[in-house]
Amino acid sequence: MTRHAHRIAIAPSGFKESLSAARVAEAIAVGVRRVIPDADLDLIPLVDGGEGTAEALALAGGGRLVPVTATGPVGEPVASHFALLGGPGPLTAVVEMAAVAGLALVPPGLRHPGATTTYGVGELIRAALDAGARRILVGCGDSGTSDGGAGALQALGARLTDRHGRELRRGGGVLHELERVDPSGLDPRLARTELLVACNPYNVLCGKRGVARVFGPQKGATPAEVELLSAGLERLAAVLTRDLAPASGAPAIDLRTAPGTGASGGLGAGLAAVGARLLPRYDVLLDGLDLDARLARADFVITAEGALDHQTVRGKIPAEVARRAHASGVPVLVLAGTIGPGAQDVRAVGVDAYSAILPAPMTLVEAIDRSDEFLADATERAMRIMALGTRLAPLAAA
């Protein structure tokens, strides 16, 4: 009887500020082939709305990237882009918020989420409208902002003013001063455009699990700044609900707590107020990949992400891959740059094993510079351990 080649699906996310999902998949493939040269590999690089989303969807959909210079998160111009997709139907654009307001674009010394802005996201949306797009997908993830989408709304023509009628400065740190939102200057093309936001439904704008409290510290906020940001987002939700949401004609949702409103520092809430639909990101981003069938055909699945911790089970790619593979009884290995508190929770969603890729303590710069090398080596180590276990299994059974 002819033995079929090992079928291994490689379905990772990218490593933030280091490797794209495609490069992660390629590095894992190198490690697998060192141990199983004839393996039948299915590389399925995945995106979650963050870095690399526009490029990945353009490649998958026969589209192209359109370069744009826009306002970055600290207010300086940055080289950015959006994607125009091919295919039938209305012209579709993909705006990746990380490409213009991502944490990677905020210099370490300027990581103060009270001052960063999503203004450039609004500029990219307008550029997509100028290009003729009538369906715009906004990918949320890897943000360096916490302004509730206020900057994006300003770029789209809304006026946000304080109690003296003065235009509000940019950034989430001044949102507690917001008194009124004037929608009269909003780009009229928005009303004729389908605006979709691919977001993590676990992220909400306000409350105990509000986005400022969960992600503010990661973006550089002190405990006092977290409370100021939280108060500002509460104020923003109230004013948007009063002044803007009714004018958009959108179905009413609770901008404070509806799933996805906290996406990308609250960008989800700001765009929902002008009629955007907030959709679970994998329902949108994995469309057309036939992921479930490809995972089910595999004997084994390898996925990966930069950090495996308590947030992984809250909608990160390894958890989504494991959930889908588990439904077909396919075992899953996760490779991670770092393993933090709560990593063990991933077993509940179908992960069979996980492993860190760094071989020794080192600087962040070295870890980033050599991440593809470390990833290939870690994959090889994991595959050799698996091969040893396979050899020992018959002995244990005897």
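Report follows, based on the coordinates. (Residues numbered from 1 in each chain as written. Predicted model: local features only at pLDDT ≥ 70, side-chain atom pairs only at ≥ 80, totals over all residues. Heavy atoms only, no water.)

1. What about the sheet that holds strand β11 (residues 300-308)?
So, step 1. Read across the sheet, five strands follow the order β2-β1-β11-β12-β13 without closing on themselves; strand pairing throughout is parallel. Here the strands that pair on one side only, and so sit at the sheet edges, are β2 (40-43) and β13 (353-356). On average, adjacent strands in this sheet sit at an angle of 25° to one another, irrespective of strand direction.
So, step 2. Sheet analysis places strand β1 (residues 7-10) next to β2, joined by four bridges and oriented parallel. Looking at the pairing, I10 lines up with L43 of β2. (Pairing = 2+ DSSP bridges. Helix = DSSP H or I, 4+ residues; strand = E, 2+ residues; numbered from the N terminus. Axes fitted to C-alpha atoms, helices over the stretch in contact; angles between N-to-C directions.)

2. Observations regarding empty space enclosed by the protein
So, step 1. According to the stated counting rule, one finds two cavities of 30 Å³ or more in the structure shown.
So, step 2. In this structure, the largest cavity spans a volume of roughly 40 Å³.
So, step 3. Lining the largest cavity, in full, are L205, C206, G207, G210, V211, A212, R213, S230, L233 and E234.
So, step 4. Mapped by element, the contributors of at least two residues to the lining of the largest cavity are α6 (211-215) and α7 (223-243).
So, step 5. Counted as a void, the second largest cavity has a volume near 30 Å³.
So, step 6. Residue lining of the second largest cavity: D147, A150, G151, Q154, L160, L168, R169, R170, G171 and L175, and that is the complete set.
So, step 7. No other element matches helix α5 (residues 150-155), which puts three residues into the lining of the second largest cavity. (1 Å grid on protein atoms, 1.4 Å probe; cavity = no way out; pocket = protein on both sides within 12 Å on 5 of 7 lines; lining within 4 Å. Points joined across faces, edges and corners; volume = space filled by probe spheres on them.)

3. With respect to the pattern of salt bridges
So, step 1. Overall, the coordinates contain 23 salt bridges when judged by the stated rule.
So, step 2. Residue R277 pairs with E194 through a salt bridge whose shortest N-O separation is 2.7 Å. In this pair, R277 is assigned in strand β10 (residues 277-280) and E194 in strand β9 (residues 194-199), connecting sequence segments 83 residues apart.
So, step 3. Its relative accessible area of 43% is what places R277 among the partly exposed residues.
So, step 4. Linking E234 and R256 is a salt bridge whose minimum nitrogen-to-oxygen distance equals 2.7 Å. In this pair, E234 is assigned in helix α7 and R256 in the loop between α8 (245-248) and α9 (263-272), connecting sequence segments 22 residues apart.
So, step 5. Through salt bridges with shared partners, a single ionic network connects R34, D377, E380 and R384. (Salt bridge = Lys/Arg side-chain N within 4 Å of Asp/Glu carboxyl O. Buried < 20%, exposed > 50% of the residue type's maximum accessible area, 1.4 Å probe, protein only.)

4. Observations concerning the side chain of T116
So, step 1. Relative to the helices and strands, T116 resides in the loop between α3 (98-101) and α4 (119-130).
So, step 2. A polar contact of 3.5 Å, which involves the side chain of T116, links it to the backbone oxygen of P113.
So, step 3. A distance of 2.8 Å separates the side chain of T116 from the backbone oxygen of G144, its partner in a polar contact.
So, step 4. Not counting residues within four places of it along the chain, the set of residues in contact with T116 comprises P73, V74, V106, L110, G144, T145, S146, D147, G171 and G172. (Polar contact = N/O pair within 3.5 Å; in protein donor to acceptor, adjacent residues only side chain to side chain. Contact = heavy atoms within 4.5 Å.)

5. Regarding the sheet that holds β10
So, step 1. Ordered in space as β3-β4-β5-β6-β9-β10, the six strands form an open sheet in which the pairing is mixed. Across the chains shown, the open sheet's two edge strands, defined by having one partner strand only, are β3 (64-71) and β10. Averaged over all pairs of adjacent strands, the angle between their axes in this sheet comes to 30°, without regard to strand direction.
So, step 2. Seen against the sheet, α4 touches β3, β4 (77-84), β5 (92-96) and β6 (135-139) and runs at an angle of roughly 135° to β3.
So, step 3. In the packing of α9 onto the sheet, the strands contacted are β6, β9 and β10, and the crossing angle to β9 comes to about 155°.

6. Some remarks on helix α2 (residues 53-60)
So, step 1. For α2, the full list of buried residues reads T53, A54, L57 and A58. The buried residues of α2 occupy an angular sector of 125° when the element is viewed end-on, so they sit on one face. Of the residues in α2, the exposed ones pointing more than 90 degrees away from the buried face are L59 and A60.
So, step 2. Looking at the buried residues of α2, the elements they touch are β3, β4, β5, β6 and α10 (281-285). (Arc of directions from axis to C-beta.)

7. Considering the layout of surface pockets
Where empty space is left becomes clear once a probe the size of a water molecule has been rolled over the atoms.
So, step 1. Size it by volume and the largest pocket reaches roughly 1300 Å³.
So, step 2. What lines the largest pocket is a set of 46 residues, and nearest its centre among them are K16, D142, Q218, A307 and K316.
So, step 3. When contributions to the lining of the largest pocket are tallied by element, the ones reaching two or more residues are α6, α9, β11, α12 (317-327), β12 (332-339) and α13 (364-369).
So, step 4. Of the residues contributing to the lining of the largest pocket, the split by class is 17 nonpolar, 16 polar and 13 charged.
So, step 5. Put simply, the second largest pocket is a space of about 920 Å³.
So, step 6. When residues of the lining of the second largest pocket are traced back to their parent elements, those giving at least two are α1 (21-35), α2, β6 and α10.
So, step 7. Per-element tally for the lining of the second largest pocket: the top contributor is α2, with five residues.
So, step 8. Each residue belonging to the lining of the second largest pocket can be placed in one class, and the counts come to 23 nonpolar, 11 polar and nine charged. (Nonpolar A, V, L, I, M, F, W, Y, C, P; charged D, E, K, R; others polar.)

8. Side note on the nonpolar core
So, step 1. One finds F82, V121, I125, I136, V138 and L271 to be the most contacted residues of the largest nonpolar core, which totals 62 residues.
So, step 2. Here the element with the most residues in this core is α7; it accounts for seven residues.
So, step 3. In contact with I125, other than residues within four places in its own chain, are V95, I136, V138, L156, L190 and L271. (Core = buried A, V, L, I, M, F, W, Y, C linked by side-chain atoms within 4.5 Å.)

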